[in-house]
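Here is how the chains run, residue by residue.
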Amino acid sequence: MVVNEDDDYLMLSGIQHYQFCKRQWALIHIEQQWADNVRTIEGDYLHNKADQPFLREKRGDKLIVRAMPVKSESLQISGICDVVEFVRSEDGVVINGADDKYTPYPVEYKRGKPKKQDEDVMQLTAQAICLEEMLLCNVDVGFIYYHEIRHRIEVQLTADLKYRVRTIFAEMLDLYNRRHTPRVKSSPACRSCSLQPICLPELMNKRTVRSYVEGKINE
């Protein structure tokens, strides 16, 4: 069972796998299967540079917190924000151990470049929802830093995005509680998937002996 420190809480980062491939997510988070490839190894290396638990760094009006644990009771998820930047603001919230008020901005680090799909944005939005519940504030802006282009992109975390994330996690929680792994839907993306040797999309998409025989009988 894949959880963080909270029993039966889904991993926040799982939304990345789910948006890429629902079956991949289920194999990892329900069946507990995993396989590294060069992409996942490089991704781990990049995150290790950001993940320095409980490290706070003060830069002028900005307080930077790395590897910040977060969770959402409404979504039943928990995880870690790579970086949360707290910027001093009169409209912000009180932070434990700080004298001033700050507005939080989640920052997610990614190995590659911006994707055509929105799984990175979905993960960032989930982090924002967690921060909102924990700090009792609104988190409407976040950032994604892409290592390949060495640039970070500002993301507007809209009400529509947050609604979509809530809907997605509701689907994930339903599959998880039923321990249901979706069937294979092969695509060109399967070639770069680290779970290809486990999932075996080509093999599982072949006709069974029974269906082959029945087809011959009906000819």
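(A) Main features of the pattern of salt bridges. The tally for this structure, following the rule as stated, stands at twelve salt bridges. Glutamate 57 is the salt-bridge partner of arginine 66, the closest N and O atoms lying 3.5 Å from each other. Classification of glutamate 57 by relative accessible area gives partly exposed; the value is 26%. Salt-bridge contacts for glutamate 108 lead to lysine 110; the nearest nitrogen and oxygen are separated by 3.2 Å. Here glutamate 108 matches lysine 110 in class, with each residue buried. Among the charged side chains, a salt-bridge network with shared partners connects Glu57, Arg59 and Arg66.

(B) Here's a closer look at the pairing of strand β3 (residues 62-72). In terms of burial, β3 is a largely internal element, eight of the eleven residues being buried. Across four bridges, the pairing between strand β2 (residues 56-59) and β3 is antiparallel. Residue pairing for β3: arginine 56 is matched across the bridge by valine 65. The hairpin turn running from β2 into β3, its antiparallel successor, is two residues long, and glycine 60 in that turn takes a positive phi close to 60°. Judged from the ten bridges that link them, β3 and strand β4 (residues 77-94) form a sheet pairing that is antiparallel. From the neighbouring strand, lysine 71 faces β4, where its bridge partner is serine 78. Between β3 and β4, which pair antiparallel and follow one another directly, the connecting turn spans four residues, one of which, glutamine 76, has a positive phi of 60°.

(C) How the structure looks around the environment of leucine 10. Among the secondary structure elements, leucine 10 is positioned in strand β1 (residues 10-11). For the pair leucine 10 and glycine 79, spaced 69 residues apart in sequence, the C-alpha to C-alpha distance is 8.5 Å. Leaving out residues up to four positions away in the same chain, leucine 10 has contacts with Trp25, Gln76, Ile77, Ser78, Phe169, Met172, Leu173 and Tyr176.

(D) Inspection of the side chain of glutamine 123 at higher detail. Examined against the element boundaries, glutamine 123 turns out to sit in helix α4 (residues 119-135). Note on glutamine 123: relative accessible area 5%, which makes it buried. Within the local environment of glutamine 123, its side chain forms a polar contact with the side chain of lysine 110, the two groups lying 2.7 Å apart. Excluding residues that lie within four positions of it along the chain, glutamine 123 makes contacts with Leu12, Ser13, Ile15, Gln16, Glu108 and Lys110.

(E) Inspection of the packing of aromatic side chains at higher detail. For the structure on display, the rule yields three aromatic pairs. Measuring from ring centre to ring centre gives 5.4 Å for tyrosine 18 and tryptophan 25, while their planes differ by 90°; the resulting arrangement is edge-to-face. Considered together, tyrosine 18 and tryptophan 25 belong to a single accessibility category, that of buried residues. Between the aromatic rings of tyrosine 109 and tyrosine 145, the centroid separation amounts to 5.2 Å while the plane-to-plane angle is 45°, which identifies the pairing as tilted. Here the residue tyrosine 109 occupies a position in strand β5 (residues 101-110), and tyrosine 145 occupies one in strand β6 (residues 141-146), the gap between them amounting to 36 residues. Since its relative accessible area comes to 21%, tyrosine 109 is described here as partly exposed. The residue whose ring lies beneath arginine 152 is phenylalanine 143, and the NZ or CZ to ring-centre distance is 4.2 Å.

Criteria and thresholds
Residues numbered from 1 in each chain as written. Predicted model: local features only at pLDDT ≥ 70, side-chain atom pairs only at ≥ 80, totals over all residues. Heavy atoms only, no water. Salt bridge = Lys/Arg side-chain N within 4 Å of Asp/Glu carboxyl O. Buried < 20%, exposed > 50% of the residue type's maximum accessible area, 1.4 Å probe, protein only. Helix = DSSP H or I, 4+ residues; strand = E, 2+ residues; numbered from the N terminus. Pairing = 2+ DSSP bridges. Contact = heavy atoms within 4.5 Å. Polar contact = N/O pair within 3.5 Å; in protein donor to acceptor, adjacent residues only side chain to side chain. Phe/Tyr/Trp six-rings, centres within 6.5 Å; stacked < 30°, edge-to-face > 60°. Lys NZ or Arg CZ within 6 Å of the ring centre and 35° of its normal.

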